[in-house]
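# Architecture and fold: a report
Listed below are the residues making up each chain.
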Protein chains: 4
Amino acid sequence: MYSCTIRPRFNETDALGHISNTVLPSWFESARAPLFEDIIPSWTIANWPIILAHFEVDFLQQIFLGADVTITTQIQKVGNASFTVYHEAFQSNKKVAAGNAVLVFFDFKTQKTTAIPDDIRAILESNLG
Amino acid sequence: MYSCTIRPRFNETDALGHISNTVLPSWFESARAPLFEDIIPSWTIANWPIILAHFEVDFLQQIFLGADVTITTQIQKVGNASFTVYHEAFQSNKKVAAGNAVLVFFDFKTQKTTAIPDDIRAILESNLG
Amino acid sequence: MYSCTIRPRFNETDALGHISNTVLPSWFESARAPLFEDIIPSWTIANWPIILAHFEVDFLQQIFLGADVTITTQIQKVGNASFTVYHEAFQSNKKVAAGNAVLVFFDFKTQKTTAIPDDIRAILESNLG
Amino acid sequence: MYSCTIRPRFNETDALGHISNTVLPSWFESARAPLFEDIIPSWTIANWPIILAHFEVDFLQQIFLGADVTITTQIQKVGNASFTVYHEAFQSNKKVAAGNAVLVFFDFKTQKTTAIPDDIRAILESNLG
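Residues numbered from 1 in each chain as written. Chains lettered and ligands numbered in written order. Predicted model: local features only at pLDDT ≥ 70, side-chain atom pairs only at ≥ 80, totals over all residues. Heavy atoms only, no water.

## Some remarks on helix α1 (residues 24–31) of chain D
Operational definition: Burial status follows relative accessibility: with a 1.4 Å probe on protein chains alone, a residue under 20% of its type maximum counts as buried, one over 50% as exposed, and anything between as partly exposed. Numbering goes from the N terminus for both helices and strands, where a helix is a DSSP run of H or I of at least four residues and a strand is a run of E of at least two.
When you tally the buried positions in α1 of chain D, you get eight out of eight residues, the bulk of the element. Every buried residue belonging to α1 of chain D is among L24, P25, S26, W27, F28, E29, S30 and A31 of chain D, and all of these are buried.

Here is the structure:
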């Protein structure tokens, strides 16, 4: 399981006084970075092999400025070409949001999905939560 | 059914050369504005009665700079305190993304959900798609 | 002189109830797109020849949700390798912000500035305001 | 002098492969938070006394994903109603950006500027760099 800490920024608030819900996908994307470094350590933009097919977020509590948010990341499911990452966000000891992202191995040159390579599958499966 | 047009912005691209998936929730939120003006014409920030409980997005095609994106908005479901809005995004005659948002009537003062008022329910139901 | 219209988005507000000042550079960048299409019609990401060296914004009035913002763009100065673009933003018949951006012709391969090509200089000078 | 660390996010890149220049004002705003906690420890949104009048950023080097950015913040000038904050951003031991922000004491109720209170002036002057 991966964990990272995000400091909410003033410009991430909205007129309702809390953190805008539109921000969570960028926080979750950022929380997936260490996972990507583990499964694709030699990635560059030119050979990036993954595309996002779906994400969803449940908003459980309002999130506010003034306290850091901890985001945990684990693998929820591993398929043939795709895998699902599950995130939870905590602020002040409360779970404030949770969600997942479905990522698909994808060849940008042929614009087709590809099977998850075996070595990457092994790392993903070792992080199933 | 509501429809609006969004011009993708350069800073909404990411290093993969396409529009960042993190942008879609802000586009869909923006697309809901005319709906909110219909159901809560006298809203102010101080009496804003709705909170977002969930959203999800399916990414069907990459979205690029250089062509406008049309977003359609309709009501998918009306419950007791919550309703679900469904969005589709089109670029260059292709459906590029779709998703929904679950919105809940909420009293920020008591921090409790409240039933959808009858007059608003009528408007929502007339937009069921 | 170029002109475009931006509809402020809910997630561009901040907790103070107005549009976040951090948003203006993205609006101004977006307003420069038609200028770039005129001066570099055949640009692709791979041969993009310009880099931003500086921007500044004066905030003259608060900007709010609920009324479109018109942004005008003209050329303020043309140098050897760089040119300065000047933007003004208007909402509800008031000038609400103004600012400029200094852009430099730049060869990403050699990482060096380059002189403005003569044909582009002619277009820039014809838009001096 | 204040210092904070920002981890660049994937969605903050743009199609040119580097961090979008539009992101810097949000990083600098975030870097000012500890200063604001020192000068206005009891602030709430309802009594927020400061408005931004101007910012500018010099972009000295491209900023990339994959290395943290350190931002230093100090006071550059203290006037009657306004003060100027100066920021520098460093990545991988290089100064990558610098800029300032002019902030004005402002009464949102009367919509007028106000003099900097003496106790706050003392804190600002002790951070002049």
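## With respect to the interface of chain A and chain B
Rules: Contacts: residue pairs with any heavy atoms within 4.5 Å of one another. For any pair of parts, buried area is found by adding up, for both, the accessible area (1.4 Å probe) each one loses once the two are put together. Salt bridges are counted wherever a side-chain nitrogen of Lys or Arg sits within 4 Å of a carboxyl oxygen of Asp or Glu. Strand pairing is assigned whenever DSSP detects at least two bridges linking the two strands.
Residue-level contacts link 23 residues of chain A with 23 residues of chain B. Here chain A packs against chain B, burying approximately 2,100 Å² in sum over the two surfaces, 59% of which is carbon and sulfur. The largest share of the area that chain A buries against chain B comes from L16, T22 and F55 of chain A, three residues that together contribute 24% of it. The tally of links from chain A across to chain B stands at zero salt bridges. Of all the secondary structure elements, the ones that give two or more residues to the side of chain A that touches chain B are α1 (24–31) and β2 (50–59) of chain A. Per-element tally for the side of chain A that touches chain B: the top contributor is β2 of chain A, with nine residues. Sheet topology note: the β2 of chain A/strand β2 (residues 50–59) of chain B ladder contains five bridges and is antiparallel. Within β2 of chain B, the position partnered with H54 of chain A by the bridge is D58 of chain B.

## Considerations on the pairing of strand β1 (residues 2–6) of chain D
All names here are of chain D. Burial along β1 is one-sided: Y2, C4 and I6 are buried, and none of S3 and T5, which face the opposite way, are. Pairing of β1 with strand β3 (residues 69–78), which is carried by five bridges, proceeds in the antiparallel orientation. Each bridged residue has a counterpart across the sheet, and for C4 the counterpart in β3 is I71.

## Some thoughts on the relation of the copies chain B and chain C
Stated precisely, the cut-off is as follows: Superposition of the copies was done by least squares, using only C-alpha atoms of residues whose pLDDT is at least 70 in both.
It takes a turn of 180 degrees to lay chain B on chain C, together with a shift of 0.0 Å along the axis; the resulting RMSD is 0.0 Å. The operation mapping one copy onto its partner corresponds to a two-fold rotation axis. Nearest to the rotation axis, the C-alpha of I6 of chain B is located 4.7 Å from it, this being the minimum over chain B. By residue overlap, the copies meet face to face through one surface: 100% of the interface positions of chain B are interface positions in chain C.

## Here we look at the environment of V78 of chain A
All names here are of chain A. Turning to its location among the elements, V78 is positioned in strand β3 (residues 69–78). Spatially, the C-alpha atom of V78 lies 9.8 Å from that of A122, the residues being 44 residues apart in sequence. Those residues within four positions of V78 in sequence are excluded, and the remaining contacts are F83, I116, R121, L124, E125 and L128.

## Side note on the interface of chain B and chain C
Taken together, the 13 residues of chain B in the interface contact 13 residues of chain C. Taking both sides of the interface into account, the surface hidden between chain B and chain C amounts to around 1,100 Å²; carbon and sulfur atoms contribute 55%. Interface area lost by chain B to chain C is led by R9, F10 and E29 of chain B, which between them contribute 51%. Taken together, chain B and chain C are joined by two salt bridges.

## Description of the relation of the copies chain A and chain B
For these two chains of identical sequence, chain A goes onto chain B by a turn of 180 degrees and a shift of 0.0 Å along the axis, with RMSD 0.0 Å. Comparing interface residues between copies, 100% of those in chain A also sit at the interface in chain B, which points to an isologous, same-surface contact.

## Focus on the pattern of salt bridges
A complete count under the given rule lists twelve salt bridges over all chains for this structure. A salt bridge links E12 of chain C to R9 of chain B, with the shortest nitrogen-to-oxygen separation between them at 2.7 Å. In this pair, E12 of chain C sits in the loop between β1 (2–6) and α1 (24–31) while R9 of chain B sits in the loop between β1 (2–6) and α1 (24–31), so the two residues belong to two different chains. For R9 of chain B, a relative accessible area of 5% translates into the label buried.

## Examining the side chain of Q91 of chain A
Residue and element names in this part refer to chain A. We apply this condition: Distance and chemistry together define a polar contact, namely a pair of N or O atoms within 3.5 Å, with one atom able to donate a hydrogen and the other to accept it when in protein, and with adjacent residues in sequence counting only for side-chain atoms on both sides.
With respect to the element layout, Q91 can be found in strand β4 (residues 82–91). Relative accessible area serves as the criterion here: at 6%, Q91 is assigned to the buried category. A polar contact of 2.7 Å, which involves the side chain of Q91, links it to the backbone oxygen of F64. At 2.8 Å, the side chain of Q91 forms a polar contact with the backbone oxygen of A67. In this structure, Q91 is in contact with P8, Q62, I63, F64, A67, D68, V69 and V96, ignoring residues within four places of it in sequence.

These figures come from the coordinates and say nothing about function on their own.
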